[in-house]
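In case you want the letters, here they are:
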Amino acid sequence: MATAVLLALAAALQEAEHGHGFGFLPVIGAACAFGAQNGLATAVSSSMVRTTHMTGCATDVGLILGRAMGRLLRKDGCGFTQAEKNRLGLYGRLSLGFVGGAAVGTALVQEADI
């Protein structure tokens, strides 16, 4: 509920921005809302899913690749564990969803001539 309130406040401030000097306050409000949502989703899913941005996913992919490379260089295994393969698959699907959503959103905005 707090996330929705923060996001609604950010949107209202952005709408009222014209000449009122709110500056970056709407952006900060939106960032707080997204951070709260992301933190809740991360806690509930045991750090499996981050919902609001791809930077956490990109970091996790980099960590997985680094661990796999370390195992290969130390000859401790054959690369990826099954859990890492599962996570990479999840991150791939999330990435496709983000890119697909951006493409659909762009097309809708252009169609609506906003």
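Here the residue numbering is sequential within each chain, running from 1 through the sequence in written order. With pLDDT at 70 or above as the cut-off, local features in this predicted model cover only qualifying residues; side-chain atom pairs require 80 or more to be listed or tallied, and sums for whole chains, interfaces and linings still use all residues. Computation of side-chain values covers all heavy atoms of the structure but excludes hydrogens and water.

## Here we look at the overall build of the chain
Test applied: Working definition: helices are DSSP H or I runs of at least four residues, strands are E runs of at least two. Numbering for both runs from the N terminus. A simple rule labels every residue: compare its accessible area, found with a 1.4 Å probe on the protein chains alone, to the largest value its type can have, and call it buried under 20%, exposed over 50%, or partly exposed in between. Should any heavy atoms of two residues lie within 4.5 Å, those residues are considered in contact. Only the protein chains shown count as cover for residues, and all accessible areas are computed by the Shrake-Rupley method using a 1.4 Å probe.
For the chain, the helix and strand inventory stands at 4 helices and 0 strands. Helices and strands appear in the chain in the N-to-C order α-α-α-α. Every one of the 114 residues in the chain was classed for burial, and the buried ones make up 19%. Within the chain, residue pairs in contact and separated by at least 24 positions form 41% of the contacts whose partners lie at least 6 positions apart. Of the roughly 7800 Å² that the chain leaves accessible, carbon and sulfur atoms contribute 70%.

## Looking at the pattern of salt bridges
Using the following cut-off: A pair is scored as a salt bridge if a Lys or Arg side-chain nitrogen falls within 4 Å of a carboxyl oxygen belonging to Asp or Glu.
Following the criterion strictly, the structure yields 2 salt bridges and no others. The partner of Glu-84 in a salt bridge is Arg-71, with the nearest N and O atoms 2.3 Å apart. On the criterion of sequence distance, the pair formed by Glu-84 in helix H4 (residues 82–112) and Arg-71 in helix H3 (residues 55–74) is long-range, its members being 13 residues apart. Just as Glu-84 is buried, Arg-71 falls in that class too. Among the ionic contacts, a cluster of salt bridges with common partners joins Arg-67, Arg-71 and Glu-84.

## Details of the side chain of Arg-71
Here is the rule: Pairing of N or O atoms within 3.5 Å defines a polar contact, subject to two protein rules: one partner must be a possible hydrogen donor and the other a possible acceptor, and residues neighboring in sequence count only if both atoms are side-chain atoms.
Given the relative accessible area of 17%, Arg-71 is considered buried. A polar contact is formed between the side chain of Arg-71 and the backbone oxygen of Gly-79, at a distance of 2.8 Å. Residue contacts for Arg-71: discarding those within four places in its chain leaves Asp-76, Gly-77, Gly-79, Phe-80, Thr-81 and Glu-84.

## Observations regarding H4
Heads up, the rule is: One less than the number of residues in a helix, times 1.5 Å, gives the span that helix is expected to have.
Here H4 spans 45 Å end to end across 31 residues, near enough to the 45 Å set by a 1.5 Å rise per residue. Along H4, the residues that are buried comprise Glu-84, Leu-90, Tyr-91 and Leu-94. One or two positions beyond H4, positive phi appears at Asp-113, with a value near 55°.

## With respect to a nonpolar patch on the surface
Stated formally: Patch criteria: residues need more than 30% relative accessible area and no salt bridge. Like-charged residues are merged within 9 Å; nonpolar side chains of Val, Leu, Ile, Met, Phe, Trp and Tyr are merged within 5 Å.
Taken together, the side chains of Met-69, Leu-72 and Leu-73 present a nonpolar region at the surface, about 330 Å² in accessible area. One can find Leu-72 in helix H3. For Leu-72, a relative accessible area of 44% corresponds to the partly exposed category.

## Regarding the nonpolar core
Put simply, the rule reads: We call a set of buried Ala, Val, Leu, Ile, Met, Phe, Trp, Tyr and Cys residues a nonpolar core when their side-chain atoms join them within 4.5 Å.
Cys-57, Ile-64, Leu-90, Tyr-91 and Leu-94 form the largest nonpolar core, which has 5 residues in total. Sorting the residues of this core by element identifies H3 and H4 as the ones contributing at least two each.

## Re the environment of Ala-58
Residue placement: Ala-58 occurs in helix H3. Residue Ala-58 is classed as exposed on the basis of its relative accessible area, which comes to 51%. Distance in space between the C-alpha atoms of Ala-58 and Tyr-91 is 8.2 Å, their sequence separation being 33 residues.

## Re the environment of Pro-26
Structurally, Pro-26 can be placed in helix H2 (residues 25–44). Classification of Pro-26 as buried rests on a relative accessible area of 3%. Distance from Pro-26 to Leu-6, taken between C-alpha atoms, is 9.3 Å for residues 20 residues apart in sequence. Beyond its immediate chain neighbours, meaning those up to four positions away, Pro-26 contacts Ala-10, Leu-13 and Gln-14.

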